[in-house]
Amino acid sequence: MIDPQQTAREQLRPDEHLYWAGTSDPAKLFTARDGFLVPFSILWCGFAVFWTITATRGGAPFFFPLFGSVFVLMGLHLVFGRFIVKRHRKRTTVYAVTSRRALIITPRGSREVPVGRADRTVTWSGGRRHCTVEWNTGDPSGTAAFFAGGATARIYANTGLDGLFGPQVFAFWDVTDGEELVRELDRVAS
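For the structure given in this document, a descriptive report is provided here. As the structure is a prediction and not an experimental result, all values here were calculated from the model.

## Examining the environment of R101
- One can find R101 in strand β3 (residues 101-106).
- Through-space distance from the C-alpha of R101 to that of L12 is 9.5 Å; in sequence the pair is 89 residues apart.
- Filtering out sequence-adjacent residues up to four positions away, R101 remains in contact with Q11, L12, R13, E16, A96, E112, V113 and V115.
- Within the structure, the side chain of R101 is placed 2.8 Å from the side chain of E16, a separation counted as a polar contact.

## Let's talk about the environment of V133
- Turning to its location among the elements, V133 is positioned in strand β6 (residues 131-135).
- Put simply, V133 and R183 are 50 residues apart on the chain and 12 Å apart in space, counted from C-alpha to C-alpha.
- Not counting residues up to four positions away in its chain, the partners in contact with V133 are R120, T121, V122, F170, A171, F172, L181 and L185.

## Let's talk about helix α3 (residues 63-92)
- The principal kink in α3, of about 55°, is found at F80.
- Along its buried surface, α3 packs onto α2 (34-57) and β7 (171-175).

## What to know about the nonpolar core
- Core analysis: the largest hydrophobic core is formed by 21 residues, its most contacted members being V97, W135, F172 and L181.
- Looking at this core, the elements that each hand over two or more residues are β2 (94-98), β3, β6, β7 and α6 (178-189).
- Non-local contacts of V97, meaning those with residues more than four positions away in its chain, are made with H17, L18, Y19, W20, V115, F172, L181, L185 and V188.
- A8, A96, L103 and I105 belong to the second-largest nonpolar core, a separate cluster that totals seven residues.

Basis of the calculations
Residues numbered from 1 in each chain as written. Predicted model: local features only at pLDDT ≥ 70, side-chain atom pairs only at ≥ 80, totals over all residues. Heavy atoms only, no water. Helix = DSSP H or I, 4+ residues; strand = E, 2+ residues; numbered from the N terminus. Contact = heavy atoms within 4.5 Å. Polar contact = N/O pair within 3.5 Å; in protein donor to acceptor, adjacent residues only side chain to side chain. Bend = angle between axes of the 7 residues up to and from the residue. Core = buried A, V, L, I, M, F, W, Y, C linked by side-chain atoms within 4.5 Å. Buried < 20%, exposed > 50% of the residue type's maximum accessible area, 1.4 Å probe, protein only.

Structure below.
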C-alpha cells in the first residue's frame, strides 16, 4: 500500500506546503456511467463470441475467426478488464493539494493544475460517502474535439476505459476523505 503523504511530499517544490493528500477508494468500481457500459459490454462480448464461433464452425477462412477473436478480446476488456485497470489505478494514484497546485501522482508521472482555479466541480455520492472533484480544463474544438477529447474523454472518465480515447480528465475520483479535501481546496483557493 502506498503512503499518500510521503508520495506527495516527494513532489513538493521549495517553499511549497502540503495541505492534503489521499487516494481514491479502490472498492468503488461502479459509477452511473456503468448503467450504459455494463449492458453494452455484455452485448458486445456476446455478439463477438457468437460471431467467432459461427465463423469457426461454418468453415470460414482463417482470417474470419482471427478477426472475431480481436473483438472477443475487446469485449472481455469491456466486461472485465476495465475494472482491473480501474482498481489498479485507484491503488496506485495519489491526489494532493499543496499551497500552489492540485496534483495527480501515478507511477508513470504526475499532472497538475494551479490550485487557485475556481473552475472545478465537486460531486458527492449518495450519503456523501465519496467525493469527486473535476477541474474543467476546457474542451478542444474542431478536429481535436472529434478525435482526441472533449466529450469523449468525459464519457469514459473513471470507467477504466479513460485514456484510451483521448486524454484523461483531471479529477480526484471517489475520495473518502471528501470533507477535508474540499475544505483544503476552498482554503487555498481563497
